[in-house]
Amino acid sequence: MIINLFFTALYLRSQSQKSLSKLLCSLSASLHTHSLLPHKDKPSNWNTTHNFVLSNPLLSLLEKKCNSMSQLKQIQSQMITTGLISDGLAASRLIAFCAISELGCLDYCEKLLKNTRNPNVFSWNVAIRGSLERRNSVEGFLLYMDMLRSNGSRPDNYTYPLLLKSCARLCLIWMGNEILGHVYKLGYDSDIYVHNAVIHMLVSCGELEAAQKVFGESPVRDLVSWNSLINGYVRSGRAREALGIYREMEMGGIRPDEVTMVGVVSSCAQLEDLNLGREIHQFIEEYGLTLTLPLANALMDMYVKCGNLEVAKTLFDRMEKRTMVSWTTMVVGYAKFGLLDTARKLFDEMPEKDVVPWNAMIGGYVQAKRGKEALGLFHEMQAMNVKPDEVTMVTCLSACTQLGALDVGIWIHHYTEKHKLSLNVALGTALVDMYAKCGNMTKALQVFNEIPGKNSLTWTALIGGLAIHGNAQDAINHFSKMIDIGLMPDEVTFLGVLSACCHGGLVEEGRKHFAQMGTKFNLSPKLKHYSCMVDLLGRAGLLEEAEELIKNMPIEADAVVWGALFFACRNHGNVEMGQRAALKLLELDPLDSGIYVLLASMYVEANMWEKAGEVRKMMRERGVDKIPGCSSIEVNGNVYEFIIRDKSHPQLEQIYECLIRLKGQLERVDHLNCSEVGNAI
């Protein structure tokens, strides 16, 4: 009866076990990374202390001395000769060795299972467990189907936790629901181990409401049930609800353990609630809970995210044993607080590193706008044969965007294609942003069209790129399409739209979208939005309206806003208003040499020589030096920076020789153009 109910979906998808296996393997490959359970690289000890086994010479030899499959086959031959193989317990020990011993062989395990007359439920369970844990594949589910087809043993309360945990690991909710139907059919929903496995499967697959319903309706629950639910909500980013369940657990008189507190501390980290985090930390100490490695790591992470690096460092220094998570948490912490050199020192001291700490350190450089060092570390990562992932690629593309390093960005794009990294939304958006800001809008549009399931960030990156390149109408059209498909814009999206209006001189369009921020999308304009509007109005010569907008701002105008007005006044020759804007700029930053230089230039252009002299005198009296200009160029994937009168480059002479030749060629071209104009006259 059960076999007719089981895996209906599977039988509709496939007519054979082979095609079924291919289907589930593809699902496994794409979904295993979402597991909430760590994969066991080494199976547990397979041995037993059963008296019958230890008292039998052959079985005792299997338990204590067998070190290879060839030895197991010799013992099996003796068991066949003596007739011991017909004993269900004895046969199950052969199957257990093959299934979960590190020296075993799963293929031979299945042969033994299928050639054993009426294998007991333990034999089936241990074979299923071996397939699920050691291969992380669908073969365990296929063995379960074979078990249902057999006329012997039936599944028990040890079978279902194995299957449900595997569904959790692979996020196979549809298969989990099929198995759940069997659990209810056979009445195992009242078993505490099965019950907890059901909750764990549901929360791992993101079905939190279903998990809450199973939890609330069942009279069977223990600490594991509570922990599964709390940590499930935490992993789904629903920290407040996780804390609510914890408070409910407290009211019920359930004593928490270290696993409970990992979930609670992680909730405080998500909410960045330092006071609650301290309170929970104090409770852990007063309650006498053991500061396990996961709990210590969770506390460090909480303090880092809540801004208390000192306590995180104290916890790290006190740890007798540290995991890669411990080291990475502190690297992230130091990088977050701008202590990049300390973060790098700690990173270099790590005893082992996988891709995660590399990503953390590269990301730290990118956040600090040190893109050159980020790409340098990426090259080191490659030299160490550490395989980058999508996060690495996204971070490195951000570094390329900062530096304008198009060649490196193209190489990263080719790398993702060559190694078949999934073009997900995050990677696709980073590529669009990089191509747009590095000057290749055609490629940015091509990548944009290839991304499946674009989100608002993807559209925002494209709109901003089109705005930078002066494609104002295209940017506004894409904004309209984004709204039409139901995506909500944010402040950055509107920054791109207003920039597009500014570049295109679209005053009415700019006014409309600026007004819609609050009226239609409930967004409050920030300083950058006001600076865009001032720039838009200023370029159009609407200087009085621009100044009035600044006066009516609900927030204090910054240097960018006043700077936009000042440049507009200079371009339109409004010296009086420009002077007011410049004085505001000097109030905000009296040491900015650029303001003095531009103000003096404005006076010179208006033939106000005395005023220009006063500005230069003020600059000298205040000890303000003109900051030298800086330029950069990318050659063969390397970014070189130069300041005025720079003599640091090893190929200085060749560079100057090249510049002299270029200058000569430009002078000749200019002379020829002047001659042609003269002849035409």
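Computed from a predicted model, the values in this text were never measured in an experiment.

**With respect to the overall build of the protein chain**
Link 1 in the chain: Looking only at helices and strands, the protein chain features 39 helices and 2 strands.
Link 2 in the chain: Counting over 681 residues, the protein chain shows a buried share of 45%.
Link 3 in the chain: Accessible surface computed for the protein chain: about 35,300 Å², of which carbon and sulfur atoms make up 53%.

**Thoughts on a nonpolar patch on the surface**
Link 1 in the chain: Taken together, the side chains of Y656, L659 and L662 define a hydrophobic patch exposed on the protein surface, amounting to about 280 Å² of accessible area.
Link 2 in the chain: Relative to the helices and strands, L662 is located in helix α39 (residues 652–680).
Link 3 in the chain: On the accessibility criterion, L662 (42% relative accessible area) is partly exposed.

**Points about the layout of surface pockets**
Link 1 in the chain: Its volume calculated, the second largest pocket comes out at about 820 Å³.
Link 2 in the chain: Lining the second largest pocket are 19 residues, and of these D301, V325, T328, T329 and V356 lie nearest its centre.
Link 3 in the chain: Sorting the residues of the lining of the second largest pocket by element identifies α19 (293–305), α21 (324–336), α23 (355–367) and α25 (390–403) as the ones contributing at least two each.
Link 4 in the chain: Residue composition of the lining of the second largest pocket, by class: 10 nonpolar, 4 polar and 5 charged.

**Let's talk about the side chain of T260**
Link 1 in the chain: Summarising the element assignment, T260 is placed in helix α17 (residues 258–271).
Link 2 in the chain: On the basis of relative accessible area, T260 is assigned to the buried category, the value being 0%.
Link 3 in the chain: Only 2.6 Å separates the side chain of T260 from the side chain of N227, close enough to count as a polar contact.
Link 4 in the chain: Excluding residues that lie within four positions of it along the chain, T260 makes contacts with L223, N227, I230, Y246 and M249.

**A few points about the nonpolar core**
Link 1 in the chain: Counting residues in each nonpolar core, the largest one holds 194 residues, and the members touching the most others are L72, F141 and L565.
Link 2 in the chain: Residues contacting L565, with those up to four places away along its chain left out, are V534, L543, A546, E547, I550, M577 and A581.

**Let's talk about the packing of helix α18 (residues 274–287) against α19**
Link 1 in the chain: At their nearest, the axes of α18 and α19 sit 10 Å apart, and the two run at 155° to each other. By the criterion of interaxial angle, the relationship of α18 to α19 is roughly antiparallel. Seen along the crossing, α18 lies across α19 with a hand that is left-handed. Where α18 abuts α19, its residues L274, G277, R278, H281 and I284 lie against L295, L299, M302 and Y303.
Link 2 in the chain: Partitioned by chemical class, the residues of the contact of α18 with α19 number 6 nonpolar, 2 polar and 1 charged.

**Details of the confidence of the model for the protein chain**
Link 1 in the chain: Looking at the protein chain as a whole, its pLDDT mean stands at 85, while 87% of the residues score no less than 70.
Link 2 in the chain: Taken together, the stretch residues 676–681 has pLDDT below 50 and engages in 0 contacts with residues farther than four places along the chain or on a different chain.

**Re the side chain of H513**
Link 1 in the chain: Tracing the chain through its elements places H513 in helix α32 (residues 507–519).
Link 2 in the chain: Classification of H513 as buried rests on a relative accessible area of 4%.
Link 3 in the chain: Discounting residues that sit within four places of it in the chain, H513 has contacts with I476, F479, F494, V497, L498 and C501.

**Re unusual backbone geometry**
Link 1 in the chain: Even without being glycine, K369 reaches a positive phi, approximately 60°.
Link 2 in the chain: Structurally, K369 can be placed in the loop between α23 and α24 (371–383).
Link 3 in the chain: Non-glycine residue N385 carries a positive phi angle of around 60°.
Link 4 in the chain: Mapped onto the secondary structure, N385 falls in the loop between α24 and α25.
Link 5 in the chain: With a relative accessible area of 72%, N385 lands in the exposed category.

**Some thoughts on empty space enclosed by the protein**
Link 1 in the chain: Considering all chains together, one arrives at 1 cavity of 30 Å³ or more under this definition.
Link 2 in the chain: Surrounding the largest cavity, G88, A91, S92, T116, R117, N118, P119, N120 and S123 form its lining.
Link 3 in the chain: Per element, the largest residue contribution to the lining of the largest cavity is 3 residues, and it comes from helix α7 (residues 88–100).
Link 4 in the chain: Looking at the lining of the largest cavity, its residues break down into 2 nonpolar, 6 polar and 1 charged.

**Topic: the packing of aromatic side chains**
Link 1 in the chain: Tallying each qualifying case throughout the model produces 13 aromatic pairs.
Link 2 in the chain: When the ring of F316 is compared with that of W327, the centres are 5.3 Å apart and the planes differ by 85°; the resulting orientation is edge-to-face. Residue F316 is located in helix α20 (residues 309–318), and its partner W327 is located in helix α21; the two are separated by 11 residues in the primary sequence. As far as the burial class goes, F316 and W327 line up, both buried.
Link 3 in the chain: Through a chain of ring-to-ring contacts, the aromatic side chains of Y144, Y160 and Y188 assemble into a single cluster.
Link 4 in the chain: The residue whose ring lies beneath R221 is F215, and the NZ or CZ to ring-centre distance is 4.1 Å.
Link 5 in the chain: Geometry around W327 places R322 over its ring, the cationic atom sitting 5.5 Å from the centre.

**Here's the deal with helix α5 (residues 57–64)**
Side chains of residues three or four places apart in an α-helix project in the same direction, reflecting 3.6 residues per turn.
Link 1 in the chain: Listed as buried for α5 are L58, L59, S60, L62 and E63.
Link 2 in the chain: With a side-chain oxygen positioned 3.0 Å from the backbone nitrogen of L58, the residue opening α5 is N56.

Cut-offs and rules
- Residues numbered from 1 in each chain as written.
- Predicted model: local features only at pLDDT ≥ 70, side-chain atom pairs only at ≥ 80, totals over all residues.
- Heavy atoms only, no water.
- Helix = DSSP H or I, 4+ residues; strand = E, 2+ residues; numbered from the N terminus.
- Buried < 20%, exposed > 50% of the residue type's maximum accessible area, 1.4 Å probe, protein only.
- Areas by Shrake-Rupley, 256 points an atom, 1.4 Å probe, with all protein chains shown as cover.
- Patch = residues over 30% accessible without salt bridge, like charges linked within 9 Å, V, L, I, M, F, W, Y side chains within 5 Å.
- Salt bridge = Lys/Arg side-chain N within 4 Å of Asp/Glu carboxyl O.
- 1 Å grid on protein atoms, 1.4 Å probe; cavity = no way out; pocket = protein on both sides within 12 Å on 5 of 7 lines; lining within 4 Å.
- Points joined across faces, edges and corners; volume = space filled by probe spheres on them.
- Nonpolar A, V, L, I, M, F, W, Y, C, P; charged D, E, K, R; others polar.
- Polar contact = N/O pair within 3.5 Å; in protein donor to acceptor, adjacent residues only side chain to side chain.
- Contact = heavy atoms within 4.5 Å.
- Core = buried A, V, L, I, M, F, W, Y, C linked by side-chain atoms within 4.5 Å.
- Axes fitted to C-alpha atoms, helices over the stretch in contact; angles between N-to-C directions.
- Parallel < 35°, antiparallel > 145°, perpendicular 65-115°, else oblique.
- Left-handed = near helix turned anticlockwise from the far one by under 90°.
- pLDDT = per-residue confidence, 0-100.
- Phe/Tyr/Trp six-rings, centres within 6.5 Å; stacked < 30°, edge-to-face > 60°.
- Lys NZ or Arg CZ within 6 Å of the ring centre and 35° of its normal.

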